[in-house]
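# Fold and geometry: a report
Given next are the chains, with one letter for each unit.
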Amino acid sequence: MDTQENKALANKVIQAIGAGDWTFVEEAFAEDAKVWVAGSMPISGNHGKAFVLASGGRTKAFFPEGMSLTPKALTAEGERVAVEAVSLGKHVSGKIYNNHFHILMVIRDGKVQEWKEYMDTMHANDVFFGGPD
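This write-up is about the structure you can find in this document. (Residues numbered from 1 in each chain as written. Predicted model: local features only at pLDDT ≥ 70, side-chain atom pairs only at ≥ 80, totals over all residues. Heavy atoms only, no water.)

## Looking at the pattern of salt bridges
- Under the counting rule described, the total for this entry stands at 4 salt bridges.
- Residue Glu 79 is joined to Arg 108 by a salt bridge in which the shortest nitrogen-to-oxygen separation is 3.0 Å. Within this pair, whereas Glu 79 is found in the loop between strand 3 (67–77) and strand 4 (80–90), its partner Arg 108 is found in strand 6 (residues 100–108), the two being separated by 29 residues in sequence.
- With a closest N to O distance of 3.9 Å, Arg 108 and Glu 114 form a salt bridge.
- The class of Arg 108 is partly exposed, set by a relative accessible area of 33%.
- Each member of the salt-bridge network shares a partner with another, and the members are Glu 79, Arg 108 and Glu 114. (Salt bridge = Lys/Arg side-chain N within 4 Å of Asp/Glu carboxyl O. Helix = DSSP H or I, 4+ residues; strand = E, 2+ residues; numbered from the N terminus. Buried < 20%, exposed > 50% of the residue type's maximum accessible area, 1.4 Å probe, protein only.)

Written out as structure tokens, the structure reads:
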């Protein structure tokens, strides 16, 4: 795939997450994908594809009214695609989750091979786990 195709796939993945289309997300990630989440939250650190699939269930459970994830800007060079995105949703706790993300994806052979997720970890930890990061 070329740079523009990689950028298009990254955009579709972000939009699919926001739309709750976890089937598409599962198909877009390589079986041996590596996922890293910033911070010291319980979900921070290194993971594999199973973490991504579990995220779909957590999102449905934690955001019964849905949670949008909107791509705001994408920059691509070769197999690397940088995405700026914003989330918005009402957590089951009643807290509003409105976070800003930078996600770096590495796309090879039409699949997401790597995902590095940076965000306001204090906000995420407060909404998801009820405390500071």
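On we go from here.
## With respect to the pairing of strand 4
- Examined bridge by bridge, strand 3 and strand 4 share 10 bridges and lie antiparallel to one another. In the strand pairing of strand 4, Ala 73 is matched with Glu 84.
- Remark: 2 residues form the turn of the hairpin made by strand 3 and strand 4, two consecutive strands paired antiparallel; Gly 78 in that turn has positive phi of roughly 60 degrees.
- With 2 bridges joining them, strand 4 and strand 5 (residues 96–97) adopt antiparallel strand pairing. In the sheet register, Lys 90 faces strand 5, and the bridge partner there is Ile 96.
- Between strand 4 and strand 5, which pair antiparallel and follow one another directly, the connecting turn spans 5 residues, one of which, Gly 94, has a positive phi of 95 degrees. (Pairing = 2+ DSSP bridges.)

## Side note on the nonpolar core
- Within the largest apolar cluster, 32 residues are counted, with the highest numbers of intra-cluster contacts made by Val 13, Ile 14, Phe 29, Val 83, Tyr 97, Met 105 and Trp 115.
- Looking at this core element by element, the count peaks at 6 residues for helix 1 (residues 3–19).
- The contact partners of Val 13, leaving out residues within four places of it in the chain, are Phe 24, Val 25, Ala 28, Phe 29, Val 112 and Trp 115. (Core = buried A, V, L, I, M, F, W, Y, C linked by side-chain atoms within 4.5 Å. Contact = heavy atoms within 4.5 Å.)

## Structural notes on helix 1
- Its 17 residues place the ends of helix 1 24 Å apart at the C-alpha level, agreeing with the 24 Å of an ideal helix rising 1.5 Å per residue.
- Those residues of helix 1 not exposed but buried are Asn 6, Leu 9, Ala 10, Val 13, Ile 14, Ala 16 and Ile 17. The arc that holds the buried residues of helix 1, viewed along the axis, is 160 degrees, so those residues lie on one side. Exposed and oriented more than 90 degrees from the buried face of helix 1 are Gln 4 and Ala 19.
- Summarising the contacts, the buried residues of helix 1 are in contact with helix 2 (22–28), strand 1 (29–37), strand 3, strand 4, strand 6 and strand 7 (111–119). (Expected span 1.5 Å × (residues − 1). Arc of directions from axis to C-beta.)

## Here we look at the pairing of strand 7
- As paired strands, strand 1 and strand 7 are joined by 5 bridges and run parallel to one another. If you follow Trp 36 over to strand 7, its bridge partner there is Lys 116.
- As paired strands, strand 6 and strand 7 are joined by 8 bridges and run antiparallel to one another. When the bridges of strand 7 are listed, Val 106 appears paired with Glu 114.
- Hairpin connection between strand 6 and strand 7: a loop of 2 residues separates the two successive antiparallel strands, and Asp 109 in this loop has a positive phi of roughly 55 degrees.

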